[in-house]
Amino acid sequence: MTQVDSNSNLSITFWGVRGSIPTPVSANLGYGGNTACLAIDRGDAILILDAGSGIRTLGVELCARPALPEIHLLFTHFHWDHIQGLPFFAPLFHPEARIILYSFHPPEKLRSILAGQMVAPYFPIDFLQVSQHVEFRQIEHSTLPIAGLTVQSFDLHHPQRSQGYRISDGAHSIVIATDHEHGDPEADARLNTVARGADLLVYDAQYTPLEYEKRHGWGHSTWRDAVSVAFEAQIPQLVLFHHDPAHDDATLDAILAEAQTQFPLTCCAREGMTLRLETPASA
Ligand SMILES: [Zn+2]
Ligand SMILES: [Zn+2]
């Protein structure tokens with residue numbers, strides 16, 4: 001699953017893998033306690049998915065580089081676990097940083113939503129002042145070239161809406177489908193169509209099938225749904241993501257073992273993990 005191919009040119013790193021709320025308790029640290037943040041590093045540019053608490057460490061790493069890359073940050077949606085790290089993202093306060101933020105909202109709406117969590121009495125620094133150098137763009141039901149990649153956005157099924165992304169470098173594709181509840185026929189069909197033939201699927205697997213019995217309508221799926229989507233869309237590698245705060249390392253190990261009996265090329269997202277997609281032999 002985690003084979004590293006030094007010739008590969010598309011990789012994804014998991015900076016935060018937890019859903020709902022950070023859970024930095026010792027029993028969870030094998031997989032990690034930070035909330036959602038993924039990154040596809042292109043060297044002179046980086047594409048980041050979501051700004052959960054995991055983005056803080058990423059920001060520190062970016063600021064330690066000799067030169068900051070151009071930063072493209074895409075939001076799936078605006079629940080706390082996907083935005084709460086932004087006030088602690090060091091490049092936001094770096095005078096030379098070039099930062100472009102994307103979501104399904106028009107630019108001014110996106111700006112005002114993010115400003116809402118950095119305003120008195122919640123935070124001492126005003127987002128509107130520190131974001132003068134930040135650009136805001138809309139990506140909704142559309143495909144845009146971003147950081148040398150092709151990024152396609154599509155709606156998922158989640159309370160107050162969430163957006164998935166298919167990201168391609170021309171040779172490989174990664175589909176991010178987090179904060180998605182399986183079972184809505186229209187949304188499932190859309191996901192199946194968009195995701196078809198991708199190389200890697202990162203999927204919301206917050207609940208066990210048993211837990212889900214009492215969580216209908218909460219906006220999340222199970223490892224079993226993740227396996228179904230991977231089979232249906234013919235995606236060879238699966239990453240279970242958005243781990244429940246109550247799932248410690250032993251629980252996630254058990255979930256993973258169960259999922260692998262049905263879909264061997266499955267892994268559980270782990271903080272610090274990088275997956276590189278193999279370059280085809282002919283390339
Ligand atoms: Zn979430
Ligand atoms: Zn959510």
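What you are looking at is a predicted structure, and each value in this text was computed from that prediction instead of being measured. Within any chain, residue numbers begin from 1 and follow the written order of that chain's sequence. Here every chain gets a letter starting at A, and every ligand a number starting at 1, in the order they are written. Totals for whole chains, interfaces and linings use all residues, but because this is a predicted model, local features are given only for residues with pLDDT of at least 70 and pairs of side-chain atoms are given and counted only at 80 or more.

Student: What is the right way to look at the pairing of strand β1 (residues 11–16) in this model?
Tutor: Moving residue by residue along a regular strand, the side chains alternate between the two faces of the sheet. Once C-beta atoms are placed from the backbone, each residue is buried if 20 or more other C-beta atoms lie within 10 Å of its own, exposed if 12 or fewer, and partly exposed for counts between those two. Numbering of helices and strands starts at the N terminus; helices are DSSP runs of H or I of at least 4 residues and strands are runs of E of at least 2. Across the six residues of β1, five count as buried, placing the element largely inside the fold. Two strands form a pair only when DSSP identifies at least two bridges running between them. Two strands pair when backbone bridges link them, and β1 and strand β14 (residues 274–276) are joined in this way by three bridges, in the antiparallel orientation. Across the sheet, residue T13 finds its bridge partner in β14, namely T274. Looking at chain direction, β1 and strand β2 (residues 37–41) are connected through three bridges and run antiparallel. From the neighbouring strand, T13 faces β2, where its bridge partner is A39.

Student: Would you explain the sheet that holds strand β10 (residues 173–177) in this entry?
Tutor: Overall, mixed pairing links the seven strands, which are arranged β7-β8-β9-β10-β11-β12-β13 in an open sheet. For this open sheet the edge positions go to β7 (143–146) and β13 (266–268), each flanked by a neighbour on one side alone. Across this sheet, the average inter-strand angle for adjacent strands is 20°, counted without regard to direction. Judged from the four bridges that link them, strand β9 (residues 163–168) and β10 form a sheet pairing that is antiparallel. Looking at the pairing, Y165 lines up with I176 of β10. By the criterion used throughout, residues are in contact when their C-beta atoms, derived from the backbone, lie within 7 Å. Angles shown run from 0 to 180 degrees and are taken between the N-to-C directions of axes, each axis being a line fitted to C-alpha atoms and, for helices, limited to the stretch in contact. Sheet contacts for helix α7 (residues 223–232): β11 (200–204) and β12 (237–241); angle to β12, the most-contacted strand, approximately 155°. Helix α8 (residues 249–262) rests against β12 and β13 of the sheet, and its axis sits at about 170° to β13.

Student: What exactly am I supposed to notice about the sheet that holds β1 here?
Tutor: Within a sheet, neighbouring strands are paired by backbone hydrogen bonds and run either parallel or antiparallel to one another. Spatially, seven strands are ordered β6-β5-β4-β3-β2-β1-β14 in an open sheet, and the strand pairing comes out mixed. Edge positions in the sheet fall to β6 (134–138) and β14, since each of these pairs with one other strand and no more. The mean angle between the axes of side-by-side strands here comes to 20°, regardless of whether they run parallel or antiparallel. Pairing of strand β3 (residues 45–49) with strand β4 (residues 70–74) involves five bridges; the strand directions are parallel. Residue pairing across strands places L47 opposite H72, the latter belonging to β4. With respect to the sheet, helix α1 (residues 55–63) is in contact with β1, β2 and β3, its orientation differing from that of β1 by roughly 120°. Sheet strands touched by helix α3 (residues 107–115): β5 (99–103) and β6. Its angle to β6, the strand with the most contacts, is close to 120°.

Student: Honestly, unusual backbone geometry in this entry has me stumped. Any pointers?
Tutor: For residues other than glycine, phi is negative in most cases, and the peptide bonds are mostly trans. Cis rather than trans, the peptide bond between A120 and P121 has omega equal to 0°. Here P121 lies in the loop between α3 and α4 (127–130). Here the phi dihedral of A147 falls at roughly 55°; this positive angle occurs in a residue that is not glycine. One can find A147 in the loop between β7 and β8 (149–155). Judged by C-beta crowding, with 21 C-beta atoms within 10 Å, A147 ranks as buried.

Student: Explain the confidence of the model for the protein to me, please; I cannot follow it from the model alone.
Tutor: Interpretation of this model should avoid reading the predicted coordinates in detail wherever pLDDT is low. pLDDT gives the predictor's per-residue confidence on a scale running from 0 to 100. Looking at the protein as a whole, the pLDDT averages 95, with 96% of positions reaching at least 70. Counting contacts from residues 1–7, a segment whose pLDDT is below 50, to residues more than four positions away or on other chains yields 11 contacts.

Student: Help me understand the pairing of β7, please; the structure alone is not making it clear to me.
Tutor: For β7 and β8, the ladder comprises four bridges, and the chain directions are antiparallel. Bridge pairing in β8 places L144 opposite V151. Hairpin geometry of β7 and β8 is characterised by an intervening segment of two residues between the two adjacent antiparallel strands and by a positive phi of about 55° at A147.

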